[in-house]
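Residues per chain, in single letters:
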Amino acid sequence: MRAREYDEDRFDRMRRIGWLDVGRLRASRCLVAGAGALGNEAVKCLALAGVGRIDVADDDSVAMSNLSRCALFREGDVGRGKAEALASRASEAFPWAEVAPIESRVQDIADWGYGAVLGCLDNVSARLCANSCAACAGVPYVDGATDGLRGKVQVYLPGGPCIECAMNDSHLRIADARFSCAGGGVPFAPKAAAEITTTSVVAAMQAREAMKILSGRRDLCVRGVSYYDGEAGTMETLGLQISRGCPNH
Ligand SMILES: [Zn+2]
């Protein structure tokens, strides 16, 4: 094969990674729950990697303050539904991928027939709901969260410890502290600090774990909770056991 023929295959460099199954990614359907900063980065990675069908769920709308961290949104998207804006912008940028909006909260999604679900959510109650729905449906769930320059990623695989297993009482007490970026009709809560580089790292880790799952290589997934500290430039993964008090087991 001549060099030019290698370069005509969009996924040629990915095919050189032994465990990565481009054909299985192409045939996969996954859900990105949350179309904000993490959701933008996750959709970008999944679409570039050739995941065939990506559903994006969010009931919030785009605010100007989202634009410092959302690569796919434009100023003209301010006020649009985040899910619809992200799906349409991703479809423009990555026309080979099928990206569809679900304009509702993760709590209202009935169909969990996905190969993997990525939690790109900004509040504990939605993450707990996505975790429970995934556990109930037997679907792997990859949760991501950021707080300033710190972030964490956790993979739930059916049969293993889940996101709720890793939560303590203080997490559960703030479970209802949900708020809208656009501030529409919901109680005010202080916004968490956020910037794009930590968002990119965390969402890329989520997409990479999803690519392992969709390639049929759950054995390669990170076990426990991976903590990233962008200020110190460090990452560590702490082990996790199924919690005896967790209702998902
Ligand atoms: Zn659990």
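To be clear, the structure that these remarks concern was listed above.
Residues numbered from 1 in each chain as written. Predicted model: local features only at pLDDT ≥ 70, side-chain atom pairs only at ≥ 80, totals over all residues. Heavy atoms only, no water.

Engineer: Would you take a moment to explain the overall build of the protein chain for this structure?
Structural biologist: For the protein chain, the count of helices and strands is eight helices and eight strands. Expected size for 249 residues packed as a compact globule is a radius of gyration near 18 Å; at 18 Å, the protein chain falls within 12% of this value. Referenced to the eigenvectors of the C-alpha coordinate spread, the extents of the protein chain come out at roughly 60 × 45 × 40 Å. Residue burial in the protein chain is summarised as follows: out of 249 residues, 48% are buried. As displayed, the protein chain offers around 11,700 Å² of accessible surface, 50% of which is attributable to carbon and sulfur atoms. Each charge sign in the protein chain was given a centre, from 29 positive and 31 negative side chains, and these centres are 4 Å apart. (Helix = DSSP H or I, 4+ residues; strand = E, 2+ residues; numbered from the N terminus. Rg over C-alpha atoms; globule rule 2.2 N^0.38 Å. Buried < 20%, exposed > 50% of the residue type's maximum accessible area, 1.4 Å probe, protein only. Areas by Shrake-Rupley, 256 points an atom, 1.4 Å probe, with all protein chains shown as cover. Lys, Arg positive; Asp, Glu negative; His and termini not counted. Charge placed at Lys NZ, Arg CZ, Asp CG, Glu CD.)

Engineer: Whenever I open this one, the coordination of the zinc ion confuses me. Can you help?
Structural biologist: Reference values for angles at a metal are 109.5 degrees in the four-donor tetrahedral case and 90 or 180 degrees in the six-donor octahedral case. The zinc ion binds to the protein through C162 (SG), C165 (SG), C246 (SG) and H249 (NE2), with metal-donor distances spanning 2.2 to 2.3 Å. Considering all four donor atoms around the zinc ion, angles at the metal cover 91 to 125 degrees and the coordination shape is tetrahedral. Read in sequence order, the donor residues for the zinc ion give the motif C-x2-C-x80-C-x2-H. Of the two residues, C165 is situated in the loop between β6 (150–156) and α7 (169–173) and H249 in the segment after β8 (234–238); the sequence distance between them amounts to 84 residues. (Donors = N, O, S within 2.8 Å, 3.2 Å for Na, K, Ca; no water. Tetrahedral: all angles 85-135°; square planar, octahedral: opposite > 155°, others 65-115°.)

Engineer: Just checking my understanding: could you explain the pattern of salt bridges for this structure?
Structural biologist: Any two side chains of opposite charge can pair, so long as their charged atoms come close to each other. One pass over the full model with this rule turns up 19 salt bridges. One salt bridge in this structure joins D147 and R150, with 3.2 Å as the shortest N-O distance. The class of D147 is partly exposed, set by a relative accessible area of 38%. We classify R150 as exposed; its relative accessible area is 51%. (Salt bridge = Lys/Arg side-chain N within 4 Å of Asp/Glu carboxyl O.)

Engineer: How should empty space enclosed by the protein be read in this particular structure?
Structural biologist: Tallied over the full model, the rule gives two cavities of 30 Å³ or more. In this structure, the largest cavity occupies an estimated 60 Å³ of space. In terms of lining, the largest cavity is formed by R127, D143, K152, V153, Q154, I163, A166, M167 and V225. Among the elements that make up the lining of the largest cavity, the one with the highest residue count is β6 (three residues). By residue class, the composition of the lining of the largest cavity is five nonpolar, one polar and three charged. Counted as a void, the second largest cavity has a volume near 30 Å³. (1 Å grid on protein atoms, 1.4 Å probe; cavity = no way out; pocket = protein on both sides within 12 Å on 5 of 7 lines; lining within 4 Å. Points joined across faces, edges and corners; volume = space filled by probe spheres on them. Nonpolar A, V, L, I, M, F, W, Y, C, P; charged D, E, K, R; others polar.)

Engineer: What's the story with the packing of helix α4 (residues 37–48) against helix α8 (residues 196–214) in this structure? I'm lost.
Structural biologist: A pair of packed helices is characterised by two quantities: the angle between their axes and the separation of those axes. Taken N-terminus to C-terminus, the directions of α4 and α8 make an angle of 45 degrees; their axes are 8 Å apart at the nearest point. Judged on the interaxial angle alone, α8 and α4 are oblique. The two elements α4 and α8 meet at a crossing, and its hand is right-handed. Counting all contacts with α4, which are made through A37, L38, E41, A42, C45 and L46, the residues of α8 involved are I196, T199, S200, V202, A203, A204, Q206, A207 and A210. A breakdown of the residues in the contact of α4 with α8 according to their chemical character gives eleven nonpolar, three polar and one charged. (Axes fitted to C-alpha atoms, helices over the stretch in contact; angles between N-to-C directions. Parallel < 35°, antiparallel > 145°, perpendicular 65-115°, else oblique. Left-handed = near helix turned anticlockwise from the far one by under 90°. Contact = heavy atoms within 4.5 Å.)

Engineer: What should I look at first to understand the environment of C165 in this one?
Structural biologist: The class for C165 is buried, based on a relative accessible area of 10%. Taking C-alpha positions, C165 is 7.4 Å from Q241, a pair spaced 76 residues apart along the chain. Residues contacting C165, with those up to four places away along its chain left out, are L240, Q241, I242, S243, C246 and H249.

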